[in-house]
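Report on the structure
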Amino acid sequence: AAVVHVEWSRGSEPDMLSRAMGVPGPAAARNRFAGGVSYTTLGKLSITAEYQYNGFALSQSNWAALGATAPDAQVVYLVHAQRLQELAPRQAYLIYLTQKGLGVKDLDLTAFLRVNADDHSRMAWLELRRHWPSFDLALQFQQHMGRITSEFGVLPDRRVVQVLGTYYF
C-alpha cells in the first residue's frame, strides 16, 4: 500500500533571521511545504520519504554569508528555530522506516534520518522495542552529526543512548 501526503501553508510574517535577532523585519508572504510518500510491504515494512521546505528560513547562500560575517548569529538563529520547533533550513529531507515483527512477533524496529539540505547536518534515530501485554521495553539510539554551527551540530548531545520501560495499567 502507498500513501502520498502533502501539507502546504502560506503566511505573511518577517523572516526567521529577523525574528531570531529580535529586530523588526518586513512581513512578506512565503510558503511552507512538506510532502512525501509512504509505502508498506506485505512483510510489515513501512518506508516514508519526505521533502520539507520553509520559505521563511535562510537560503543556503544567505546561511553561508551569515556564517562568514557573524557565526554567533548562526547559533542564535538555530536555537530560535529549535525553540519554535520551526524548520531551520530552507530545505530538508527525511527517511523513516518501521518494521513490525522483526524476527519475533512483538519486536519492532523504527529508524529515521533527517538531513538538512543546506548545511548537510544530520540526525539519526533508531529504536528497538519489545511489547508484552502490559509492558514495553525499548532501546533507543540518537546521533547528531554536523559542524558546531549546523542545525544538528549545535545540539548539546552528540549521541544519546537510553533504555525505556513503559508499564500499562
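Please refer to the structure higher up on the page.
What you are looking at is a predicted structure, and each value in this text was computed from that prediction instead of being measured.

Digging into the overall build of the protein chain
The secondary structure content of the protein chain amounts to three helices and eight strands. Ordered by position from the N terminus, the helices and strands of the protein chain form the series β-α-β-β-α-α-β-β-β-β-β. A buried classification covers 35% of the 169 residues belonging to the protein chain. The contacts of the protein chain with a sequence gap of at least 6 include a subset with a gap of at least 24, amounting to 50%. By element, 62% of the accessible surface of the protein chain is carried by carbon and sulfur atoms, the whole surface being about 9,900 Å². Each charge class in the protein chain was averaged separately, 16 positive and 14 negative side chains, and the resulting centres sit 2 Å apart.

Overview of helix H3 (residues 71-84)
Each full turn of the α-helix corresponds to 3.6 residues, which orients residues three or four apart in the same direction. The terminal C-alpha atoms of H3, which comprises 14 residues, lie 20 Å apart, in line with the 20 Å expected from a rise of 1.5 Å per residue. For H3, every residue scored as buried is listed here: Ala73, Gln74, Tyr77, Leu78, His80 and Ala81. Viewed along the axis of H3, the buried residues span an arc of 160°, placing them on a single side of the element. For H3, the exposed residues set more than 90 degrees away from the buried face come down to Asp72 and Arg83. Positive backbone phi, approximately 55°, marks Gln85, located one or two places after H3.

Overview of a nonpolar patch on the surface
Among the surface-exposed residues, Leu102, Leu126, Leu128, Trp132, Phe135, Leu137, Leu139, Phe141, Val161, Val163, Tyr167 and Phe169 lie close enough to one another that they form a single nonpolar patch of about 1,200 Å² accessible area. The element best represented in the nonpolar patch is strand S7 (residues 135-145), accounting for four residues. Summarising the element assignment, Leu137 is placed in strand S7. Residue class for Leu137 comes out partly exposed when judged on its relative accessible area of 36%.

Describing the pairing of strand S3 (residues 45-54)
Burial along S3 is one-sided: Ser46, Thr48, Glu50, Gln52 and Asn54 are buried, and none of Leu45, Ile47, Ala49, Tyr51 and Tyr53, which face the opposite way, are. As paired elements, strand S2 (residues 28-40) and S3 share nine bridges and run antiparallel to each other. Across the sheet, Tyr39 pairs through a bridge with Ile47, a residue of S3. The turn linking S2 back onto S3 is made up of four residues, and Lys44 within it adopts a positive phi angle of 70°. Relative to strand S4 (residues 91-99), S3 runs antiparallel, the two sharing nine bridges. Its bridge partner lying in S4, Leu45 is registered against Gln99.

Comments concerning the packing of aromatic side chains
In total, this model carries six aromatic pairs according to the counting rule given. Ring plane angle 50° and centroid distance 5.7 Å describe the contact between Trp63 and Tyr77, whose orientation is recorded as tilted. Highlighted residues: Trp63 in helix H2 (residues 60-69) and Tyr77 in helix H3, separated in sequence by 14 residues. The same class applies to Trp63 and to Tyr77, which are both buried.

As for the nonpolar core
Core analysis: the largest hydrophobic core is formed by 13 residues, its most contacted members being Met16, Leu58, Trp63, Tyr77, Leu78 and Ala88. Those elements that provide at least two residues to this core are helix H1 (16-21), H2 and H3. The element contributing the most residues to this core is H3, with four residues. Met16 has contacts with Asn54, Phe56, Tyr77, His80, Ala81, Glu86, Leu87 and Ala88, leaving out every residue within four places of it along the chain.

Reading guide: rules and limits
Residues numbered from 1 in each chain as written. Predicted model: local features only at pLDDT ≥ 70, side-chain atom pairs only at ≥ 80, totals over all residues. Heavy atoms only, no water. Helix = DSSP H or I, 4+ residues; strand = E, 2+ residues; numbered from the N terminus. Buried < 20%, exposed > 50% of the residue type's maximum accessible area, 1.4 Å probe, protein only. Contact = heavy atoms within 4.5 Å. Areas by Shrake-Rupley, 256 points an atom, 1.4 Å probe, with all protein chains shown as cover. Lys, Arg positive; Asp, Glu negative; His and termini not counted. Charge placed at Lys NZ, Arg CZ, Asp CG, Glu CD. Expected span 1.5 Å × (residues − 1). Arc of directions from axis to C-beta. Patch = residues over 30% accessible without salt bridge, like charges linked within 9 Å, V, L, I, M, F, W, Y side chains within 5 Å. Salt bridge = Lys/Arg side-chain N within 4 Å of Asp/Glu carboxyl O. Pairing = 2+ DSSP bridges. Phe/Tyr/Trp six-rings, centres within 6.5 Å; stacked < 30°, edge-to-face > 60°. Core = buried A, V, L, I, M, F, W, Y, C linked by side-chain atoms within 4.5 Å.

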